[in-house]
Amino acid sequence: MSKLFKRIISVVLCISVVISAFIFIDFPGTAAASDGTDIPLIYVQGSGMPLFVKDENGEEQEVYPVKIPDGFVEKTVKENIGIFAKAVLTQKWEEFGNALGDALSEIYSTISLDEHGKTQNGVYLRWTWNKEKLNGKKSHGKYPTQRFTFNYDWRLDPYENAEIMHQYIEDVREVTGADKVALSGRCLGSCVTMAYMEKYNAEYISDYILYASALDGATQCSRCFAGNMYIDPDGVDRFMYDIQLSEDDVTNQLIQSFVTVFNKTYGLDITCAAINNVLKKNYLEFMPQALMNSYGTFPGYWSMVNDRDYERAKDTVFHGEDVKEKYADLISIIDNYHYNVQVKSNELLKKFAEEGVNVANITKYGYQTYPVTTEADMITDNICSVYDASKGATTATLMQGFDDNYIEKAKLDGTYKYISPDLQIDASTCLFPEKTWFVKNIIHKTFPKAVNRLIDAIVNNGSDFTVFSDPELPQYMLYDKDANEITPLVTENMNCDSRYHVTFFEAFKKMWKCIFELIKRKFQPSNPAPEV
């Protein structure tokens with residue numbers, strides 16, 4: 001019982017830390033050659049900028065990314081094993097939920113917001129800017145693509161950050177002498193930039209690029225907040241091939257192959273069924289308090305809950321009339337953003353495009369989402385579904401492309417030109433089919449600078465530049481991590497997701513090969529160091 005409880009606590013805490021400190025954080029790729037843009041480009045990052053407080057001695061302490069203290073899991077298990085055992089026996093999980101919430105509160109209490117959605121405990125974002133120090137000069141006739149990067153406190157209301165960004169944009173315009181600037185929002189940055197566009201209109205915006213956008217929601221936020229979670233066995237199996245659980249490659253391959261063998265012999269089905277049974281019946285008894293003590297007070301994260309899950313998510317997190325009353329101001333803040341920005345975003349984007357703004361979209365794909373949904377085989381970049389990020393693309397499944405009937409119909413309808421070479425995406429149903437690009441093989445958390453070439457082209461060529469304008473920058477592209485470049489996606493290079501197609505016999509063979517290799521390492525004497 002103690003071991004089981006320890007695993008559950010470990011999983012919950014690890015998911016919490018991973019979601020906050022890994023999933024949405026911006027990780028830059030290796031620098032790539034880029035000419036830059038003719039006009040200033042304001043690049044608005046995703047979530048995850050470090051947060052700080054001053055201790056009693058005035059020393060700065062980093063409080064985000066959060067860290068699980070040494071021995072914390074063991075201490076939590078020891079103090080609450082009885083509560084967990086009682087919940088398992090009675091199937092009443094409310095007391096366990098309170099204990100879990102208290103445990104998360106110990107980790108997140110410093111950075112949590114109050115019931116009005118405002119920061120507390122003196123937490124601050126270190127990043128700021130000084131207009132006099134902004135470099136308004138071009139380099140070799142261009143503005144470097146990410147010179148004007150705007151950071152913000154990602155916990156806060158996107159409208160609040162949009163007000164700060166408004167001043168930043170005004171300062172960039174002043175120091176560069178540019179009448180208009182281009183604007184690009186990545187992940188949560190798309191929510192902040194869209195809040196700006198809604199509030200201040202697009203008078204001084206020439207180009208607007210959504211990049212790996214969470215404007216229409218991020219799957220993990222939506223499913224977790226709404227309590228619409230399901231641990232998918234096949235999804236868990238595939239997911240193991242996207243993560244590195246050990247620094248040792250052989251050990252990592254052993255874990256991957258073992259999970260595949262376990263899944264193919266229905267072991268994962270039994271394990272996941274037990275977890276899903278608790279999630280289905282008892283979610284409201286233990287997760288609302290846990291969410292309120294971690295991410296539930298962050299309007300920034302609420303902006304990434306999609307409209308399909310939004311009202312259910314509010315009922316889940318703010319569970320009970322007394323909770324709704326206490327957090328009335330916070331609910332008003334997130335409602336204001338949701339119904340004035342996310343819900344109206346298609347309407348707003350069409351309006352801006354009609355007014356002359358060069359609206360474009362760059363969507364990443366080629367990865368499975370975290371396996372906490374019944375749709376674990378959807379096409380995603382690991383966090384945002386292609387459907388949401390691209391604003392409407394039709395997708396096949398991760399394991400199977402469009403069938404012959406779909407392809408034949410597309411040919412008859414004249415939309416075949418919008419279908420990806422790997423037959424996974426149909427861009428004809430996007431909000432802007434001819435202005436939406438897809439780059440395969442880039443996971444959500446990374447933004448390799450190789451993509452700057454595409455961003456530059458979109459900004460420098462204006463509204464007439466489409467997915468059909470440049471054969472080197474077509475609608476579907478592939479990112480080559482080793483070469484750090486993007487190239488057209490073609491039949492010869494499209495099968496980079498073969499890692500998901502592992503048979504039982506392939507996994508079984510690999511598992512035993514890894515076991516024998518590890519045994520060999522253990523008993524094979526290492527060569528003594530040479531004498532000096």
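This text follows the structure it describes.
Owing to the predicted nature of the structure, the values given are computational and were not obtained by experimental measurement. (Residues numbered from 1 in each chain as written. Predicted model: local features only at pLDDT ≥ 70, side-chain atom pairs only at ≥ 80, totals over all residues. Heavy atoms only, no water.)

**Considerations on the pattern of salt bridges**
Thought 1: Inspection of the entire model under this criterion finds 25 salt bridges.
Thought 2: Here Arg499 ties to Asp242 by a salt bridge, and the two come within 2.7 Å at their closest N and O atoms. Placement of Arg499 in the loop between strand 15 (485-488) and helix 18 (504-523) and of Asp242 in the loop between helix 7 (233-239) and helix 8 (249-264) is noted, with a sequence separation of 257 residues between them.
Thought 3: Taking the relative accessible area as the measure of exposure, Asp242 reaches 17% and is therefore buried.
Thought 4: Two residues, Asp388 and Arg308, come together in a salt bridge whose shortest N-O distance is 3.0 Å. (Salt bridge = Lys/Arg side-chain N within 4 Å of Asp/Glu carboxyl O. Helix = DSSP H or I, 4+ residues; strand = E, 2+ residues; numbered from the N terminus. Buried < 20%, exposed > 50% of the residue type's maximum accessible area, 1.4 Å probe, protein only.)

**Details of the side chain of His338**
Thought 1: Topologically, His338 is positioned in helix 13 (residues 328-342).
Thought 2: For His338, a relative accessible area of 1% corresponds to the buried category.

**Thoughts on the packing of aromatic side chains**
Thought 1: Enumeration over the complete set of coordinates arrives at 34 aromatic pairs.
Thought 2: Ring geometry for Trp154 and Tyr301: centres 5.9 Å apart, planes at 50°, overall tilted. Pair noted here: Trp154 is in the loop between strand 6 (148-150) and helix 4 (158-176) and Tyr301 is in helix 10 (residues 299-302), with a separation of 147 residues, a long-range link. Taken as a pair, Trp154 and Tyr301 share a single burial class, namely buried.
Thought 3: Aromatic side chains Tyr295 and Tyr301 sit 5.4 Å apart centroid to centroid with 5° between the ring planes, which places their arrangement in the stacked category.
Thought 4: Looking at Tyr295, the relative accessible area reads 5%, which means it is buried. (Phe/Tyr/Trp six-rings, centres within 6.5 Å; stacked < 30°, edge-to-face > 60°.)

**As for the sheet that holds strand 3 (residues 51-54)**
Within a sheet, each strand pairs with its neighbour through backbone hydrogen bonds, oriented either parallel or antiparallel.
Thought 1: On the basis of which strands lie adjacent, the open sheet formed by three strands has the order 4-3-5 and antiparallel pairing. One side of each edge strand has no neighbouring strand; the edge strands of this open sheet are strand 4 (60-64) and strand 5 (124-125).
Thought 2: Two elements, strand 3 and strand 5, share two bridges in a ladder whose sense is antiparallel. The partner of Leu51 across the bridge, within strand 5, is Leu125. (Pairing = 2+ DSSP bridges.)

**A closer look at helix 2 (residues 72-90)**
Thought 1: Over its 19 residues, helix 2 runs 26 Å from end to end, which matches the ideal 27 Å to within 8%, given 1.5 Å per residue.
Thought 2: Inspection of helix 2 places Phe72, Val73, Thr76, Val77, Asn80, Ile83, Phe84, Ala85 and Ala87 among the buried residues, and these make up the whole buried set.
Thought 3: Of the residues trailing helix 2, Gln91 is marked for its positive phi of about 60°. (Expected span 1.5 Å × (residues − 1).)

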